[in-house]
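Given next are the chains, with one letter for each unit.
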Amino acid sequence: MMIKNEQELIAVLESIEGLWGRLSEVGSIEKLRKLSEKVRMFEASRPEMCEQLSSRFGHLLTQEQQKKLFPKLMSWSGCNVLAIQWFERYKIPSCGNLTPVELCQTGQVEALLSYIEFIEIGGFE
């Protein structure tokens, strides 16, 4: 996230301050991991975070599919560069070693979404 002015900096610091209050109440590593995941998903779901993915691959997916997929990719990768690289280059073994972009280009978006959902619940680990 790029902070553009003092007001944005203050807002970020206030958010961090609020998060630290929550962290002191967490109590376990598992709860901390879940809270961290929620924070990453919230940050990744902001429209500007998914903008580059959408401009690059949006023509391959419906708006609803983009809303399901892009925030998850941003959350997992942490940045647009890694998310784009994964989308273009990662060969998914359970999908015939096709990359996510190849799956989308061949009309297999649902297979990609199913794969992502399976990963999300701990599959293939």
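The following refers to the structure shown. Since the model is a prediction, treat every value here as computed from it, not as a measurement.

## Some points on the overall build of the protein
For the protein, the count of helices and strands is seven helices and zero strands. For the protein, buried positions account for 29% of its 125 residues. In the protein, the proportion of contacts linking residues at least 24 apart, taken out of those at least 6 apart, comes to 46%. Looking at the protein as shown, the accessible area adds up to about 8,600 Å², and 57% of this sits on carbon and sulfur atoms.

## Digging into the nonpolar core
Counting 22 residues, the largest nonpolar core has Leu69 and Phe87 as the members making the most contacts within it. Of all the secondary structure elements, the ones that give two or more residues to this core are helix 3 (47-57), helix 4 (63-77), helix 5 (80-89), helix 6 (100-105) and helix 7 (109-120). When residues in this core are grouped by element, the largest group, five residues, is from helix 7. Contact partners of phenylalanine 87, with chain neighbours within four places excluded, come to Phe57, Leu61, Leu69, Leu73, Thr99, Pro100, Val101, Cys104 and Leu112.

## Considerations on the side chain of glutamine 66
Following the sequence through the fold, glutamine 66 ends up in helix 4. The class of glutamine 66 is buried, set by a relative accessible area of 8%. For glutamine 66, the contacting residues outside a window of four places in its chain are Ser54, Gly58, Leu61 and Pro71.

## As for the packing of aromatic side chains
Within the structure shown, the criterion is met by three aromatic pairs. Ring geometry for phenylalanine 57 versus phenylalanine 87: centroids 4.3 Å apart, planes at 40 degrees, classification tilted. Here phenylalanine 57 is found in helix 3, whereas its partner phenylalanine 87 is found in helix 5, with 30 residues between them in sequence. Each member of the pair, phenylalanine 57 as well as phenylalanine 87, is classed as buried. Considering the side-chain rings of phenylalanine 70 and phenylalanine 87, the 6.4 Å spacing of their centres and the 75 degrees angle between planes classify their relative orientation as edge-to-face. Residue phenylalanine 70 is located in helix 4, and its partner phenylalanine 87 is located in helix 5; the two are separated by 17 residues in the primary sequence. Just as phenylalanine 70 is buried, phenylalanine 87 falls in that class too. Linked through ring pairs, Phe57, Phe70 and Phe87 together constitute an aromatic cluster.

## A short note on the packing of helix 4 against helix 5
Running from amino to carboxyl end, helix 4 crosses helix 5 at an angle of 115 degrees, the nearest separation of the two axes being 8 Å. Taken as axis vectors, helix 4 and helix 5 run roughly perpendicular relative to one another. By crossing handedness, the relation of helix 4 to helix 5 is classed as right-handed. Counted together, Leu69, Leu73, Met74 and Ser77 of helix 4 and Asn80, Leu82, Ala83, Trp86 and Phe87 of helix 5 form the full contact between these two elements.

Cut-offs used in this document
- Residues numbered from 1 in each chain as written.
- Predicted model: local features only at pLDDT ≥ 70, side-chain atom pairs only at ≥ 80, totals over all residues.
- Heavy atoms only, no water.
- Helix = DSSP H or I, 4+ residues; strand = E, 2+ residues; numbered from the N terminus.
- Buried < 20%, exposed > 50% of the residue type's maximum accessible area, 1.4 Å probe, protein only.
- Contact = heavy atoms within 4.5 Å.
- Areas by Shrake-Rupley, 256 points an atom, 1.4 Å probe, with all protein chains shown as cover.
- Core = buried A, V, L, I, M, F, W, Y, C linked by side-chain atoms within 4.5 Å.
- Phe/Tyr/Trp six-rings, centres within 6.5 Å; stacked < 30°, edge-to-face > 60°.
- Axes fitted to C-alpha atoms, helices over the stretch in contact; angles between N-to-C directions.
- Parallel < 35°, antiparallel > 145°, perpendicular 65-115°, else oblique.
- Left-handed = near helix turned anticlockwise from the far one by under 90°.

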